[in-house]
Amino acid sequence: MTDPYGIIDLAALKQPAGTATGGAAPTGTPSAHEVAVTEQGLDQLIADSQQIPTLLLVTSARVPEADQFLSGLRRAVDAKGGAVRLGIVDADTEQRVAGALQVQQLPTLLLLIQGQLQPIVQSVIPDAEIDNLLTQVVEVARQQGMELPEGEEAPQEPQEEPLPPLIAEAYEAIERGDLDAAVAAYEKQLQESPADAEAKAGLATVSLMHRTQDADLAASREAAAQRPDDLEAQLLVADLDMLGGHVDDAFARLLEQLRGADQETKDVVRARLLELFEVAGPADPRVAPARKRLANLLF
């Protein structure tokens, strides 16, 4: 931000005003540190720039993306907590102010600091660059001896908690395709922390992947259809349904096996259903009804 325009020449504003063309003012919620720049208020704005740097946005509702650009500036100015002021010049209604500011095209963004006007850009700035621009403005003002508020602290990004070592080990094993090692890591984690929900869900999911990794879907379905009393065939197809996202079908198939079943069959089906409930997760809306039906069939 160099090559100042110099102090604004107000002489042009002392000439008779022409007729301003009507235009809709920029929309949106103003910043807490924003002023609408008018011909009558320009002197005061220049005087205030001795204490606070002011970004002047000369724009119009006719400018594509004007509202988005203005919204980004307002957000960034508010984040500085009063260290920067935003002045809005509606070029449609304040044509003589726009002329005094030597505006060539819209939108134009300028910096007014200690009575000096400096050009910044004659286009829309992407949101990603606006925060950096405001930081530079504050730095320039402080270098010129201006005492400014510190502004608001940027919100800290939440830091992710590191994974427990055994959970991380299980993830790494899954990534390299070693499901046996993943099962072992999850089982060891559950030995140390029996209530670890992530380890329970992880073990159930990896066990499901392990049971189905060599299964042929078409052949498995055909076998289950031909042998409805073959519990292993039904268990495998339920696993494949679960893996394919057909959660209701998986639950329904296993619950059906409980009708008139002996105790050994009930124990096997119950254990498999509890595993699949862990895979789906407690928040899945299909789990609670299936749990209720399981309880009714068992007792």
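Going along each chain's sequence as written, the residues are numbered from 1 onward. Only residues with pLDDT of 70 or above have their local features reported here, since the model is predicted, and side-chain atom pairs are shown and tallied only from 80 upward, although totals for entire chains, interfaces and linings are computed over all residues. Hydrogens are left out, water is left out, and the side-chain values use all remaining heavy atoms of the structure.

Q: Tell me about unusual backbone geometry, and please be specific about residues and values.
A: When glycine is set aside, most residues are seen to have a negative phi, and most peptide bonds are trans. Residue leucine 106 is joined to proline 107 through a cis peptide bond whose omega torsion reads -10°. The helix and strand labels rest on DSSP assignments: H or I over at least four residues marks a helix, E over at least two residues marks a strand, and numbering proceeds from the N terminus. Topologically, proline 107 is positioned in the loop between helix H3 (95–100) and strand S4 (108–113). Unlike most non-glycine residues, glutamine 102 shows phi in positive territory, near 60°. Positionally, glutamine 102 belongs in the loop between H3 and S4. Each residue is assigned to one of three classes by its accessible area relative to the maximum for its type, calculated with a 1.4 Å probe on protein chains only: buried under 20%, partly exposed between the two thresholds, exposed over 50%. Residue glutamine 102 is classed as partly exposed on the basis of its relative accessible area of 45%. Its identity is not glycine, yet glutamine 114 carries a phi of approximately 50°, on the positive side.

Q: Lay out the sheet that holds strand S5 (residues 116–121) in plain terms, naming residues and giving numbers.
A: If you walk across this open sheet you meet the five strands as S1-S3-S2-S4-S5, and the pairing is mixed. Strands at the two margins of the open sheet, each flanked by one partner only, are strand S1 (34–36) and S5. Put simply, the sheet's adjacent strands are angled 25° from each other on average, direction ignored. For two strands to be treated as a pair, DSSP must find no fewer than two bridges joining them. The pairing of S4 with S5 spans five bridges and is classified as antiparallel. Opposite leucine 112, over in S5, you have leucine 117 as the bridge partner. When checking whether two residues touch, look at their non-hydrogen atoms; a contact exists if any pair is within 4.5 Å. What counts as an axis is a line fitted to C-alpha atoms, over the stretch in contact for a helix, and the angles between N-to-C directions run from 0 to 180 degrees. Set on the sheet, helix H4 (residues 127–143) makes contact with strand S2 (54–59), S4 and S5; between it and S4 the angle comes to about 20°.

Q: An account of the side chain of glutamate 34 is requested, with residue identities and associated values reported.
A: Within the secondary structure layout, glutamate 34 lies in strand S1. Counting of polar contacts relies on pairs of N or O atoms within 3.5 Å, with two restrictions inside protein: one atom must be capable of donating a hydrogen and the other of accepting it, and residues adjacent in sequence are counted only when both atoms are side-chain atoms. Among the polar contacts made by the side chain of glutamate 34, one reaches the side chain of arginine 74 at a distance of 2.8 Å.

Q: I'd like to hear about the packing of aromatic side chains, residue by residue, with values.
A: Classification of ring pairs rests on two measures: the distance between centres of Phe, Tyr or Trp rings, Trp counted by its six-membered ring, which must be within 6.5 Å, and the angle between planes, read as stacked under 30 degrees, edge-to-face over 60 and tilted in between. For the structure shown, the criterion picks out one aromatic pair. With 5.0 Å between their ring centres and 85° between their planes, phenylalanine 251 and phenylalanine 277 make a pair best called edge-to-face. Separated by 26 residues along the polypeptide, phenylalanine 251 in helix H10 (residues 247–256) and phenylalanine 277 in helix H11 (residues 263–280) bring together distant segments of the chain.

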